[in-house]
Amino acid sequence: MSETKKDESGEEARVGVYICHCGGNISDHVDVEKVAEAVKDIPGVVVSHTDMFMCSDPGQELIQEDINKGNINRVVVASCAPSLHETTFRGAISRANMNPYLYEHANIREQDSWVHHGDPATAKAITLVAAAISKARGLKPLEPIRVDAASHTTVIGGGIAGLRAAVDLARNGIKVALVEKSPFLGGNASQLDRVFPTGEKVADLIEYLTSAVAKDPNITVYTCAELTGFEGYIGNFKVTIKRKAPEDEATQLMLKQVKGAAPGSFHPFVGFYPGDVPAADEEETLTTGVIVFATGFELYEPRQGEFGYGENREVITLRQFIRAMADAPATTETLTIDGRPVRRIAMIHCVGSRQIPGIHEADENDYMNEYCSRTCCTATLQAALEVRDNYPGTQILDYYRDIRTYGHNQEEYYSRASEKNVLFFRYEPEDSPVITKTTGEYPLKVTVVDKLTFNEEVEAGVDLVVLATGMKAKNIDSLVEMMKLPVGADKFLQEVHPKLRPVEMANGGILLAGTCQAPMDINESCNAAQAAAAKAAALLGKGFVELDPFVALVDPDRCEGNGDCIAECPENAISMTPDNKAEVNPALCTGCGMCVAVCSVNGIDVQGWGLKEYENMVDAIVKF
Amino acid sequence: MANDTQEGKILILATESCAYPGANSVGQAHSSYPTNTYILRVRAPVLFPEHFYMDCFRKGISGIIVMSCGEECPYEGAYHAFAKRIDNVFQLMKKEDLDLRRLRLTAICTVCNRPFLKEVNDMNNLIKELGPPILKGEEAATDTP
């Protein structure tokens, strides 16, 4: 190993090392004084301190004093996981007027003192700190990449999440293009009636948002529209929006229902109709700073014969049932649907959710929905309660695997359902309820092995079977392909991190709102939409965006212009300069490092995460 | 200052969005595992060329576990390029008569505590059984791609 390294200014690396006790979390198992002593003679190290809490003000001041005295130009803090305090220490360094990227973090709590004990834990801490020092010595000062940003957001999807995001963005003074594929706003929510946990009419929620959209001059609504072109990067995307007259049968049918209605009105089970259906194709290209995905979900369609669906007109989905209830006469003792009295209803949970290989049937692509759709339990119980409240002569039999009324004020639905004499049966997926036709008093019979009565087989005649179908990821393959979006194994769009960056995708400037990401109820969709709007406003508010500087950089002295990196880059972020050197567009680069591995002359590297630094860390791990 | 044990060392390349927080989750659960494991935080393991792995073995690293995000990789195309690269490394390992099990590719999520512990313990048992890595010869040692 080289004994010392110089940074770009020609200064030799002088590393300050700070080891945290974490109030005993670390020092109870790691002899931190011994670690500080052991690393102080490593070449390049000029100070080696310990402190009870490095993240405290006195701890941070320790670093700042050494910087201000001119003692150090690199910092290593050995403490908890970097996700907790890497930003804290970079901030402290920055406030002492040192470049915050001349910093490396050693994780000696989660990955040492909490999993190892005694001398081996101390020995490992020494190794981890030595490795961090070897990386720190090679670090170069970096600047965030600053790019001008258009104060404009494109929201894809005019459902409840898209509407919520558009309204919030516009109120922040950001112009919004709200792009909706259908002629209507409101999305899946328009297909509902009353919604949990408040029991409000969904029409009221949609009208509240659509009237705000209609009034706001910052929002331009594009219905019957799709994104057909996409290029650029955060702050400077170029999107092409194409509008065309809807051709599919279902949409034609819905348009018939609103024929003659005034534009700007809400129609139950159709949506908010802004009017303005294009007669001919129209196309427009916009510059937009951020793109918010609010493309929503698709409802699971039961297979032919699944719980008798498609074979019996008395077997319907929960969504069809909600619609039928809205059309039913309101003042009868017993619910009437299609002129037939409904004396007893079987409601079956988890249809098309929590599917298990070997038990459930995969779709034509060999795919199954193994996740919980989260919203159906409460929605089912809400529908059950509406029946019991309004039609006391109609009985409800509820067949469930588990009841997941998990959200705020939702458990009440379960307890109220019991009070209202909804009768529960619990089934195992391998013993799912079986629906058969009968010629007796009821048209259908439900047979189930009931876990609540210790596997007793229970038969019941019913007039109607309601299937609580789950949510599926919507097919947005063309957008995924065009924008190269990350998709999870469940086919929903994927965030960078479920907790720390929950509405961001790895592609800078592309955000997530609502059920395009995962099954969510309306509350959660609006939460996500508001988070995405706030994130977009924060990204665009300054008029420029600062990008993570951890992107690839070409070393022109080494680059031989063979173009391997250009061919490898999935983001098309690398091009060739006229003098035959590769050049990275930092705004497009995601810093994945694919280019680094294919360069035979090490002429390209990811800044801050350089291959050479990794090699140095391995050397330190071997040596210490 | 150095570890006084002669046990082999295991290098773990852990992705910052999945496996690295996964290892932290094991820490939060205070689940113990062998100390001879050294985790490097990586954005995507696709950054490492074939020779990086061979150099690690040459330097004396006994086992390498790449803990990636698997199919959940947030970088477009990176996982498949990486899987292909690991195949190339296996070819190079074969040439050097290195036991292929010394390099392990696995997907570890942010809460995959049990799989993490299993991978680490399995590798530790393996390197105990195999001993230090020995590459074929000096002339082969300079034959990096």
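No experiment lies behind these values; they were computed from the predicted model shown.

Broken down by element type, chain A carries 16 helices and 34 strands. When the 624 residues of chain A are sorted by exposure, 50% land in the buried category.

A few words on the nonpolar core. All names here are of chain A. Formed by 243 residues in total, the largest nonpolar core has its most connected members in Val-129, Val-292, Val-465 and Ala-513. Of all the elements, helix α5 (residues 118-138) adds the most residues to this core, at 11 residues. Those residues in contact with Val-292 that lie beyond four places of it in its chain are Thr-153, Val-155, Ile-156, Ala-165, Leu-511, Ala-513, Ala-532 and Ala-536.

Residue and element names in this part refer to chain A. With their axes 11 Å apart at the nearest point, helix α9 (residues 318-327) and helix α10 (residues 376-390) run at an angle of 30° to one another. Viewed along their axes, α9 and α10 adopt a mutual orientation that is roughly parallel. Both α9 and α10 take part in a crossing whose hand is left-handed. Contacts between α9 and α10 involve Leu-318, Phe-321, Ile-322 and Met-325 on the former and, on the latter, Cys-376, Ala-379, Thr-380, Ala-383 and Glu-386. Partitioned by chemical class, the residues of the contact of α9 with α10 number 7 nonpolar, 1 polar and 1 charged.

Residue and element names in this part refer to chain B. For the pair helix α2 (residues 50-59) and helix α3 (residues 78-95), interaxial distance at closest approach is 9 Å and the crossing angle is 45°. Comparing the axis directions of α2 and α3 gives the class oblique. The way α2 lies across α3 gives a crossing that is right-handed. Residues Glu-50, Tyr-53 and Met-54 of α2 form the contact with α3, whose own contacting residues are Arg-85, Asn-88, Val-89 and Leu-92. Looking at the contact of α2 with α3 residue by residue, the classes come out as 4 nonpolar, 1 polar and 2 charged.

All names here are of chain B. Read from one edge to the other, the open sheet built from 4 strands follows the order β2-β1-β3-β4, with strand pairing classed as parallel. Edge strands, defined here as strands with exactly one partner in the open sheet, are β2 (37-42) and β4 (103-107). For this sheet the average axis-to-axis angle between neighbouring strands, irrespective of direction, equals 20°. For strand β1 (residues 9-15) and strand β3 (residues 61-68), the ladder comprises 6 bridges, and the chain directions are parallel. The partner of Lys-9 across the bridge, within β3, is Ile-61.

So, on to helix α6 (residues 160-171) of chain A. Residue and element names in this part refer to chain A. Its 12 residues place the ends of α6 17 Å apart at the C-alpha level, agreeing with the 16 Å of an ideal helix rising 1.5 Å per residue. A large share of α6 lies buried, amounting to 11 of its 12 residues. For α6, every residue scored as buried is listed here: Ile-160, Ala-161, Gly-162, Leu-163, Arg-164, Ala-165, Ala-166, Val-167, Asp-168, Leu-169 and Ala-170. Close packing links the buried residues of α6 with β6 (152-156), β7 (175-179), α7 (202-215), β10 (219-222), β16 (290-293) and α13 (522-540). The positive-phi residue at the C-terminal boundary of α6 is Gly-173, with phi of around 80°.

Another aspect to go through is the interface of chain B and chain A. In this assembly, 41 residues from chain B lie in contact with 44 residues from chain A. Elements with a minimum of two residues in the side of chain B that touches chain A: β1, α1 (19-28), β2, α2 and α3 of chain B.

Turning to the confidence of the model for chain A, a few remarks are in order. The predicted model of chain A averages 94 in pLDDT, with 98% of residues at 70 or higher. This model gives residues 1-5 of chain A a pLDDT under 50, and the stretch forms 11 contacts once residues within four places in sequence are excluded.

For the rest of this paragraph, the subject is the sheet that holds strand β15 (residues 282-288) of chain A. Residues and elements named next belong to chain A. Taking strand neighbours across the sheet as the criterion, the 3 strands line up as β11-β12-β15 in an open arrangement whose pairing is antiparallel. Unpaired on one side and paired on the other, β11 (225-233) and β15 mark the two borders of the sheet. Averaged over all adjacent pairs, the angle separating strand axes in this sheet is 15°, with direction ignored. Here 7 bridges tie strand β12 (residues 236-243) to β15, and the two strands are oriented antiparallel to one another. Within β15, the residue paired with Lys-242 across the bridge is Glu-283.

As a further point, take the confidence of the model for chain B. Residues and elements named next belong to chain B. Predicted confidence across chain B gives a mean pLDDT of 88, with 90% of residues reaching 70 or more. Confidence drops under pLDDT 50 across residues 138-145; counting only partners more than four residues distant or on other chains, this segment forms 9 contacts. Scored by ipTM, the complex comes to 0.93, with pTM at 0.69.

Below, the discussion takes up the pairing of strand β4 (residues 103-107) of chain A. All names here are of chain A. The element β4 is largely enclosed, with a buried count of 5 among its 5 residues. Both faces of β4 are covered, namely the face carrying Tyr-103, His-105 and Asn-107 and the face carrying Glu-104 and Ala-106. Following the chain from strand β3 (residues 74-79) across helix α3 (residues 82-95) to the adjacent parallel β4, one finds a crossover that is right-handed.

Conventions and cut-offs
- Residues numbered from 1 in each chain as written.
- Chains lettered and ligands numbered in written order.
- Predicted model: local features only at pLDDT ≥ 70, side-chain atom pairs only at ≥ 80, totals over all residues.
- Helix = DSSP H or I, 4+ residues; strand = E, 2+ residues; numbered from the N terminus.
- Buried ≥ 20, exposed ≤ 12 C-beta atoms within 10 Å, placed from the backbone.
- Core = buried A, V, L, I, M, F, W, Y, C linked by C-beta atoms within 7 Å.
- Contact = placed C-beta atoms within 7 Å.
- Axes fitted to C-alpha atoms, helices over the stretch in contact; angles between N-to-C directions.
- Parallel < 35°, antiparallel > 145°, perpendicular 65-115°, else oblique.
- Left-handed = near helix turned anticlockwise from the far one by under 90°.
- Nonpolar A, V, L, I, M, F, W, Y, C, P; charged D, E, K, R; others polar.
- Pairing = 2+ DSSP bridges.
- Expected span 1.5 Å × (residues − 1).
- pLDDT = per-residue confidence, 0-100.
- Right-handed = clockwise from strand over helix to strand, strands pointing away.

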